[in-house]
Amino acid sequence: MADSPNLGLITYLKLAVRNLLRNRRRTLITLLTMIFGIAVLTLLSALNDGWLNQMKTNFILSYTGHVQIHAKGFETSQNLRDRIRDPQKINRLMQSYPEIYGWTQRIRTSGLASVGSSSAGIQIMATDPEQETWVTSMHEHVTEGEWLRPGMSRDLLLGTTVAQTIGAELGDRVVLMAQRPTGEMVSEVFYLRGILETGAPQIDRTLALISLNSAQVWLQMGKAVTDIVIRADKHEDTDTIYRLFVQQLSGETYEIMPWQSLDPMVRQWLEFSDAYGLVIILVVVILVLVEILNTMLISLHERQKELGVIVAIGTLRFQIFAMLLLEAVMLIFFGASLGYLAGSLLVYSVADSGIDLTSYANAFQFFYMDPVIHPELTSSSAIRILGTTLAAAMLAGIYPAWKATRLKVSRALRIQ
């Protein structure tokens, strides 16, 4: 029996390239299909990542921050008796963490706003005017009037829908009514200094914003607050900050909540978008499997006699398997690389101007989205796309390669 040829990697590569170039038209059609599919996948993935990033940023900076700390029970009851009595203890911890961009203290409670005979239910939020600008972008959404002025205890900002509902205009006296921690109902007069339009209906139709000092005096809360809101330096730092405070405040009567837990609807939409991305990838994987499998099976059928000769001269069957599998990997490697390059160029061509969906602006605002979506390429999406297509190529190449190892030499040599 002849010794089996000692085929090195270079030899495998030469044979794979020769076999792929044997039928240039079929290889070219397969490559073009792959390039188109991966380019479209890259664009859709970049749009999805851009959409998600806009949504997270707008949601976090509109109101919630990245992490919130409450007294245990406050988030479910919204009762001012469940309050943080010593916020300075937590504030001192903030200075130890470089992942924290800024933080602020708030008091939140429900109440009633009225002008004359018109009134509406509201969510009263009291905050430090200067610190709030480090945590959210609410000050950038003042469409009329001005932001809260430090030291001005009677300043009031209303969401645009609230102001329209009660007919309030700049300079009007607005009476706010709320409940103190003792249960006593109290009211106070404020002057409307600004109108907020964040684009999120759930904020614009309920928010009444006043200064923290005035709320602490009015509601007789001393130095206590209901919320400490933290903004991370980057979205990716949220989990780190959350874990740090869980460790530091373990055993204390606090609730530490990341932004994902603060609005179930936003979390569900983010999960839906992830599922959407997986579905798109699955479609492309199926396309890759079918295209590569079809190409390899046709190539195998045409090369039966050649493979029979190779086996007859002593080539081991695992070497045949490796050679055919390498052909599938090379085909997908070039197709995926060129497709990702084409998709990247397409993304960069529209990244600055974005894709304008202004006609759907109202629906997008409800989910904290901008009407112009700027696609974003990320390293994670590149790894996901290229890694998944490579895995698909391996799967698609396994069956034809295995089938080649089962080839009957005597039958293959008789093929004309």
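What you see is a predicted model, and the numbers here were worked out from it, not measured in a lab. (Residues numbered from 1 in each chain as written. Predicted model: local features only at pLDDT ≥ 70, side-chain atom pairs only at ≥ 80, totals over all residues. Heavy atoms only, no water.)

Undergrad: Describe the overall build of the protein chain, with residues and values.
TA: Looking only at helices and strands, the protein chain has 15 helices and 12 strands in total. Residues classed as buried in the protein chain amount to 49% of the 416 residues present. Long-range contacts, defined as pairs at least 24 residues apart, comprise 77% of the intrachain contacts of the protein chain with a sequence gap of at least 6. Carbon and sulfur atoms make up 58% of the accessible area of the protein chain, which amounts to about 20600 Å² in all. (Helix = DSSP H or I, 4+ residues; strand = E, 2+ residues; numbered from the N terminus. Buried < 20%, exposed > 50% of the residue type's maximum accessible area, 1.4 Å probe, protein only. Contact = heavy atoms within 4.5 Å. Areas by Shrake-Rupley, 256 points an atom, 1.4 Å probe, with all protein chains shown as cover.)

Undergrad: An account of the pattern of salt bridges is requested, with residue identities and associated values reported.
TA: Enumeration according to the criterion identifies 8 salt bridges in this entry. Across the pair D227 and R108 runs a salt bridge whose closest N-O atoms are separated by 2.8 Å. Here the residue D227 occupies a position in strand β9 (residues 227–232), and R108 occupies one in strand β2 (residues 100–115), the gap between them amounting to 119 residues. Across the pair, R108 and D227 agree in class, each one buried. The salt bridge involving R149 is made with E146; its shortest N-O contact spans 3.9 Å. Classification of E146 by relative accessible area gives partly exposed; the value is 38%. Via salt bridges that share partners, E146, R149, D155 and R193 belong to a single interconnected network. (Salt bridge = Lys/Arg side-chain N within 4 Å of Asp/Glu carboxyl O.)

Undergrad: I'd like a description of the nonpolar core, backed by residues and values.
TA: Counting residues in hydrophobic clusters, the biggest one holds 47 residues, and the most contacted among them are I69 and F245. Residue contacts for F245: discarding those within four places in its chain leaves I69, I90, L93, M94, Y97, I100, I230, S250 and I256. Counting residues in hydrophobic clusters, the runner-up holds 30 residues, among them L31, A382, A392 and A396. (Core = buried A, V, L, I, M, F, W, Y, C linked by side-chain atoms within 4.5 Å.)

Undergrad: With reference to specific residues and values, describe the layout of surface pockets.
TA: Empty space among the atoms becomes apparent when a probe as large as a water molecule is rolled across them. Each pocket or cavity is described by its volume, and for the largest pocket that value is around 670 Å³. Surrounding the largest pocket, 27 residues form its lining, D49, L52, K56, D274 and S380 being those nearest its centre. When contributions to the lining of the largest pocket are tallied by element, the ones reaching two or more residues are α2 (24–64), α9 (238–248), α10 (264–302) and α14 (379–405). For the lining of the largest pocket, a count of residues per class yields 9 nonpolar, 11 polar and 7 charged. The space that makes up the second largest pocket amounts to roughly 320 Å³. Lining the second largest pocket are 15 residues; nearest its centre among them are Y63, T64, I203, L262 and D263. Secondary structure elements with two or more residues in the lining of the second largest pocket: α2 and α7 (201–204). Of the residues in the lining of the second largest pocket, the class split is 6 nonpolar, 6 polar and 3 charged. (1 Å grid on protein atoms, 1.4 Å probe; cavity = no way out; pocket = protein on both sides within 12 Å on 5 of 7 lines; lining within 4 Å. Points joined across faces, edges and corners; volume = space filled by probe spheres on them. Nonpolar A, V, L, I, M, F, W, Y, C, P; charged D, E, K, R; others polar.)

Undergrad: Give a description of the pairing of β2 that names residues and reports values.
TA: Two strands pair when backbone bridges link them, and β2 and β9 are joined in this way by 6 bridges, in the antiparallel orientation. Note on β9: the bridge partner recorded for I100 is A232. Here β2 pairs with strand β3 (residues 118–127) via 10 bridges, running antiparallel. The partner of S114 across the bridge, within β3, is S119. (Pairing = 2+ DSSP bridges.)

Undergrad: Explain the packing of α2 against helix α12 (residues 317–351) to me, and be specific about the residues and the numbers.
TA: Following both chains from N to C, one finds α2 and α12 inclined at 40°, their axes separated by 7 Å at the closest point. Compared by their axis directions, α2 and α12 come out oblique. Remark: the crossing between α2 and α12 carries right-handed chirality. (Axes fitted to C-alpha atoms, helices over the stretch in contact; angles between N-to-C directions. Parallel < 35°, antiparallel > 145°, perpendicular 65-115°, else oblique. Left-handed = near helix turned anticlockwise from the far one by under 90°.)

Undergrad: Let's hear about the pairing of strand β7 (residues 185–196): which residues, and what values?
TA: Across 3 bridges, strand β4 (residues 142–145) lies against β7 in antiparallel orientation. Counted as the bridge partner of E144 is I195 from β7. The sheet contact formed by strand β5 (residues 155–159) and β7 spans 5 bridges and is parallel. If you follow L156 over to β7, its bridge partner there is L192. By the bridge criterion, 7 bridges tie strand β6 (residues 173–179) to β7 in an arrangement that is antiparallel. Along β7, the bridge assignment pairs R173 with Y191. Hairpin connection between β6 and β7: a loop of 5 residues separates the two successive antiparallel strands, and G183 in this loop has a positive phi of roughly 100°.

Undergrad: How would you sum up the environment of R81? Please name residues and give values.
TA: With respect to the element layout, R81 can be found in the loop between α3 (74–77) and α4 (87–94). The spacing of R81 and M221 is 140 residues in sequence and 9.4 Å in space, taken between C-alpha atoms.

Undergrad: How would you explain α4 if you had to name every residue and give the values?
TA: All of the buried residues along α4 are P87, I90, N91, L93 and M94. Seen along its axis, α4 keeps its buried residues to an arc of 155°; they face one direction. In this fold, the buried residues of α4 make contact with β1 (67–71), β2, β9, α9 and β10 (254–258). (Arc of directions from axis to C-beta.)

Undergrad: Residue-level account of the side chain of S214, with values.
TA: Along the chain, S214 turns up in helix α8 (residues 212–218). Setting aside anything within four residues of it in sequence, one finds S214 in contact with S153 and F190.

Undergrad: Quick one: what's the story with empty space enclosed by the protein, residue by residue and with numbers?
TA: Summed over all chains, the structure comprises 1 cavity of 30 Å³ or more. Roughly 60 Å³ of volume is contained in the largest cavity. Together, N19, L20, N23, R26, T27, T295, M296, S299 and E327 line the largest cavity. Of all the elements in the fold, those that place two or more residues in the lining of the largest cavity are α1 (9–22), α2 and α10. Top contributing element to the lining of the largest cavity by residue count: α10, with 3 residues. Split into classes, the residues belonging to the lining of the largest cavity amount to 2 nonpolar, 5 polar and 2 charged.

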